[in-house]
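# What the coordinates show
Read off the chains here:
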Amino acid sequence: MGARPSGVSEKMKNRLEQLDDFEEGSVKEMLSLSQQEYTKRIEDLNQTLLGAWQQDQRVKALKIVIQCSKFLVETSVMQFYPSKFVLITDVLEHFGQLVYDRLFLKAQQMLPGSLKKLSEDFSPDQIPETAKETARNWFFKIASIRELVPRFYVEISILKCYRFLDREEIPRALKRLVNMIRGIGDPLVSSYARCYLTRIAHDVVPTLTDYLWTCFNDSLFIYKQFNDDVVQNQLGLQQMDFARYLTLFSPAFDWIMQCVAQDASDETLVDIMDKCRQKANSALLINAILCSFRPDFISNRALSFVEVVKECEDSGFPKAVLLRNLGLCLVLVAPPENDRLAVLNEVWKFVMKFPNVTDYMSCAEVWIEYTVRHFGKRELNALLHDIIKHVTPDRLFEKFYPQLHSIIVKILTYAKDLALIFSLEKFLPFIDLFQKDSAKLDVCKTIAETFAKNQLIETSDPVVLNAMMFVCKTMHDSLNALSVEDEKRQISDLINGFFNKVSFGNDFEQQLAFFVEARGSFCNIDAVLVYLVQRVNQLGVRTYEMVNGNHSRRTAAFVRASTAFCFITIPSLQSIFTRLQLYVLCGQTALLNQCLSQADGFFKAAIALLPEMPKTVDSDIKQKSTEPDNPEVGVSLSAARTAERRPRVRLGQGIGHQVWVLRQRPEPSRVAPTG
């Protein structure tokens, strides 16, 4: 009996030697790496882990995860610690899944042949004793790790494997592991250890909550460590201010708070909030509440949360982050109607005084959505004016194009009336902040797309038309000889989408005047000119229908002006087939309206194009001749056949609308066009 303890001790000694036998210098070597090199090194370790596992080198795989876990003790570069935590815990979770899958496969292979396959929700009673012994062996190996932090992290990574042993093992293990964290002296390391514990445990046993409250209370307890000399000396050595240091805790605290607040009653949430407010530098905890509590809980107490933010110390957690997260909650669930304006006024008093424009823009980007959703023209115009005032000095707007673009998107998305947006005094000056060509083009495309999507009825509002003409002219002027066809097609579709929403009712003369102005502004895009010719042709057909073919002097003059518009525009088009088709189509419209001389001019122009026609054209995978099938057939028939082979041109093609020029049903109630 006396020899047995000696054998066990020898076995334990060998196990420790195996686990400690890895390159100690590799931890020190990692300290001199850059962030990119560090990330690459962790990825290499993950691949090495997988290779060792596939070669049945279990001890080597365990050495690798122990080595990775030791990196989480090191805080010489605190700013990188959250990123390092994510990289390393990914490796740990990969290892934990490999161990679990191995045990599950082993348990399934050892089941008696009469039993079915092992299900995912198995009970420990179904696991063969050999598989249980293998699981215990893994936990014994991990218990042999000398250092606290690696032992803690590796055991958490295979926490799910306790399912193979006993149902009560996981609660007991969690209670022990929570207490183990109290032995970690560095508050940053211990906070992320609690975060990892709650993250894994929440997936494995989502119904257990006792350990969560212990983690929450321990997180409150470590607050006193922030002012310790050790922490302050570290901050001094790394030249990090206290506010930046507190932000490093935010991901860990947010996750713990989210787990605690899940499905909690309002009374519990109020109790948590009261505990947090009692702590010095409570802004970090308040931020965790804003990120974790239900938005309706926060919105119903919006004014109270504004007061809480006021009480926070200026030297602690950044108030800009608090106000931004408060705004994100309030755009999801609106506060009581009587409190909405008071909340906006109180918050904006803080925001407009931020000396750092980055902090200011991070809040403005969120609170502009709150303003658009719940207020009108006056408040929105005031916020735009204040934003312009903050970003104009020293051309600061050049650093914030993404935020400014986001503000435009939110205004266009949530505003109920586009006419109201375009009538804002500060809207077009706000657009002028985008002085970089690519940024301004993106904004104009966004506006044009929103207009085509949200403008459900036709309009003749001069404010809307002037604003959209400015937007479309900006897109048109961005094109040059180097622009690709897709870019030209996209912009032409957006411009035609705008034209498709423009209507002056029965005032055809005003409509024609608008198209004349548009032709002068967008003369470099053939697709737009084709669309304008089609729309003017449509005016001629509608005029014919309204007068039932009996033109007065005024309507006859209008029809002749329309045909003149088309006759002048068509020659500027590049495609000979498009010109030929439009000449024939416009000649038919002129003939319909008894404009014989104009029709004759169109048909002569079409005939004059025939010598320029190519001998063959590509059709599907073949080349077809443009010559008449019969040499005795006249030239006019050849032109007609050529036109028939070309696809018909639609109005608004590419934006979901197809308006054909010829013959609409007459509406007797309409009157002749007036001046």
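Residues numbered from 1 in each chain as written. Predicted model: local features only at pLDDT ≥ 70, side-chain atom pairs only at ≥ 80, totals over all residues. Heavy atoms only, no water.

Okay, the overall build of the chain next. A tally of regular secondary structure across the chain gives 33 helices and 2 strands. Of all intrachain contacts in the chain linking residues separated by at least 6 positions in sequence, the fraction that spans at least 24 positions is 72%. If you sum the accessible surface of the chain, you get close to 33,200 Å²; carbon and sulfur atoms cover 50% of it. (Helix = DSSP H or I, 4+ residues; strand = E, 2+ residues; numbered from the N terminus. Contact = heavy atoms within 4.5 Å. Areas by Shrake-Rupley, 256 points an atom, 1.4 Å probe, with all protein chains shown as cover.)

Looking at the chain, the pLDDT average stands at 85 and 86% of residues meet or exceed 70. For the chain, the element scoring lowest by mean pLDDT is helix H33 (residues 635-645), at 47; helix H7 (residues 148-157) scores highest, at 95. Note on residues 1-5: pLDDT is under 50 here. Beyond four places in sequence and across chains, it has 0 contacts. Note that pLDDT drops below 50 for residues 635-675; the model gives that stretch 78 contacts with residues more than four away or on any other chain. (pLDDT = per-residue confidence, 0-100.)

Turning to the nonpolar core, a few remarks are in order. Ranked by internal contacts, the top residues of the largest apolar core, which has 223 residues, are Tyr153, Trp367 and Phe499. Take this core: its biggest share by element is 13 residues, from helix H5 (residues 81-109). Excluding its chain neighbours within four sequence positions, the residues that come into contact with Trp367 are Leu323, Leu326, Gly327, Leu330, Val343, Leu344, Val347, Trp348 and Leu383. (Core = buried A, V, L, I, M, F, W, Y, C linked by side-chain atoms within 4.5 Å. Buried < 20%, exposed > 50% of the residue type's maximum accessible area, 1.4 Å probe, protein only.)

This next bit is on the packing of aromatic side chains. Note on aromatic pairs: each is described by the distance of the centres and the angle between the planes. Here the structure, examined in full by the defined rule, presents 42 aromatic pairs. Taking 5.3 Å as the distance between ring centres and 80° as the angle between the ring planes, the aromatic pair formed by Tyr38 and Phe80 counts as edge-to-face. Within this pair, whereas Tyr38 is found in helix H3 (residues 35-54), its partner Phe80 is found in the loop between helix H4 (58-70) and H5, the two being separated by 42 residues in sequence. With a relative accessible area of 7%, Tyr38 lands in the buried category. (Phe/Tyr/Trp six-rings, centres within 6.5 Å; stacked < 30°, edge-to-face > 60°.)

Bringing the pattern of salt bridges into the picture now. Counting across every chain of the model gives 30 salt bridges. Put simply, Arg176 and Glu155 hold a salt bridge, and the shortest N to O gap is 2.5 Å. Residue Arg176 is found in helix H8 (residues 169-181), and its partner Glu155 is found in helix H7; the two are separated by 21 residues along the sequence. By relative accessible area, which is 6% here, Glu155 ends up buried. For the salt bridge of Glu169 with Arg172, the shortest nitrogen-to-oxygen distance reads 3.1 Å. One end of the pair, Glu169, and the other, Arg172, are both in helix H8, 3 residues apart, so they sit about a helical turn from each other. Take Arg172: its relative accessible area is 47%, and that puts it in the partly exposed class. (Salt bridge = Lys/Arg side-chain N within 4 Å of Asp/Glu carboxyl O.)

Before going further, it helps to spend a moment on the packing of helix H18 (residues 319-332) against helix H20 (residues 357-374). For the pair H18 and H20, interaxial distance at closest approach is 9 Å and the crossing angle is 20°. When the interaxial angle is binned, H18 and H20 end up roughly parallel. In this structure, H18 meets H20 at a crossing whose hand is left-handed. From H18, Ala320, Leu323, Arg324, Leu326, Gly327, Leu328, Leu330 and Val331 reach across to H20, where they touch Asp359, Ser362, Cys363, Glu365, Val366, Trp367, Glu369, Tyr370, Arg373 and His374. (Axes fitted to C-alpha atoms, helices over the stretch in contact; angles between N-to-C directions. Parallel < 35°, antiparallel > 145°, perpendicular 65-115°, else oblique. Left-handed = near helix turned anticlockwise from the far one by under 90°.)

Turning to its location among the elements, Lys319 is positioned in helix H18. The class of Lys319 is buried, set by a relative accessible area of 12%. In terms of polar contacts, Lys319 uses its side chain to reach the backbone carbonyl oxygen of Cys312, at 3.4 Å. (Polar contact = N/O pair within 3.5 Å; in protein donor to acceptor, adjacent residues only side chain to side chain.)

At a minimum axis separation of 11 Å, H7 and H8 run at an interaxial angle of 150°. One way to sum up the angle between H7 and H8 is to call them roughly antiparallel. The crossing of H7 and H8 is left-handed. Every residue of H8 that contacts H7 at Leu148, Arg151, Phe152, Glu155 and Ile156 is listed here: Arg176, Leu177, Met180 and Ile181. Residues of the contact of H7 with H8, tallied by class, amount to 6 nonpolar, no polar and 3 charged. (Nonpolar A, V, L, I, M, F, W, Y, C, P; charged D, E, K, R; others polar.)

What follows deals with the environment of Lys224. When you line up the elements, Lys224 lands in the loop between helix H10 (210-221) and helix H11 (229-237). Residue classification places Lys224 among the exposed residues on the basis of a relative accessible area of 54%. Lys224 sits 37 residues away from Pro187 along the chain, and the two C-alpha atoms are 9.6 Å apart.

Our focus in this paragraph is unusual backbone geometry. Even without glycine at this site, Asp56 takes up a positive phi of about 60°. With respect to the helices and strands, the residue Asp56 is situated in the loop between H3 and H4. For Asp56, a relative accessible area of 56% translates into the label exposed. The residue Gln594 is not glycine, and still its phi comes out positive at about 65°. Mapped onto the elements of the fold, Gln594 is located in the loop between helix H31 (576-592) and helix H32 (596-609). A relative accessible area of 53% means that Gln594 is categorised as exposed.

Another point: H18. Between its first and last C-alpha atoms H18 spans 20 Å; for 14 residues at 1.5 Å apiece the expected length is 20 Å, and the two agree. Where burial is concerned, most of H18 is hidden: 10 out of the 14 residues are buried. Among the residues of H18, Lys319, Ala320, Leu322, Leu323, Asn325, Leu326, Gly327, Cys329, Leu330 and Val331 are the ones counted as buried. In this structure, the buried residues of H18 make contact with helix H15 (283-292), helix H16 (295-299), helix H17 (302-311), helix H19 (340-351) and H20. (Expected span 1.5 Å × (residues − 1).)

Glancing now at the environment of Pro571. Here Pro571 is to be found in the loop between helix H30 (553-569) and H31. A relative accessible area of 43% means that Pro571 is categorised as partly exposed. Through-space distance from the C-alpha of Pro571 to that of Ala605 is 9.4 Å; in sequence the pair is 34 residues apart.

Before going further, it helps to spend a moment on helix H14 (residues 266-277). Spanning 12 residues, H14 covers 16 Å between terminal C-alpha atoms, matching the ideal 16 Å at 1.5 Å per step. Those residues of H14 that fall on the buried side of the exposure criterion are Leu269, Ile272, Met273 and Cys276. Burial along H14 is one-sided: seen end-on, the buried residues are contained in an arc of 100°. Buried-residue contacts for H14 involve H10, helix H13 (250-261), H15, H16 and H17. (Arc of directions from axis to C-beta.)

Among the secondary structure elements, Thr358 is positioned in helix H20. Residue classification places Thr358 among the partly exposed positions, given a relative accessible area of 46%. Sequence separation between Thr358 and Ala320 is 38 residues; the distance between their C-alpha atoms is 9.3 Å.

Enumeration over the complete set of coordinates arrives at 0 disulfides. Left without a disulfide partner, Cys444 is nearest to the cysteine sulfur of Cys472, which lies 8.5 Å away. Look at Cys444 and you get buried, because its relative accessible area is 0%. (Disulfide = S-S within 2.5 Å.)

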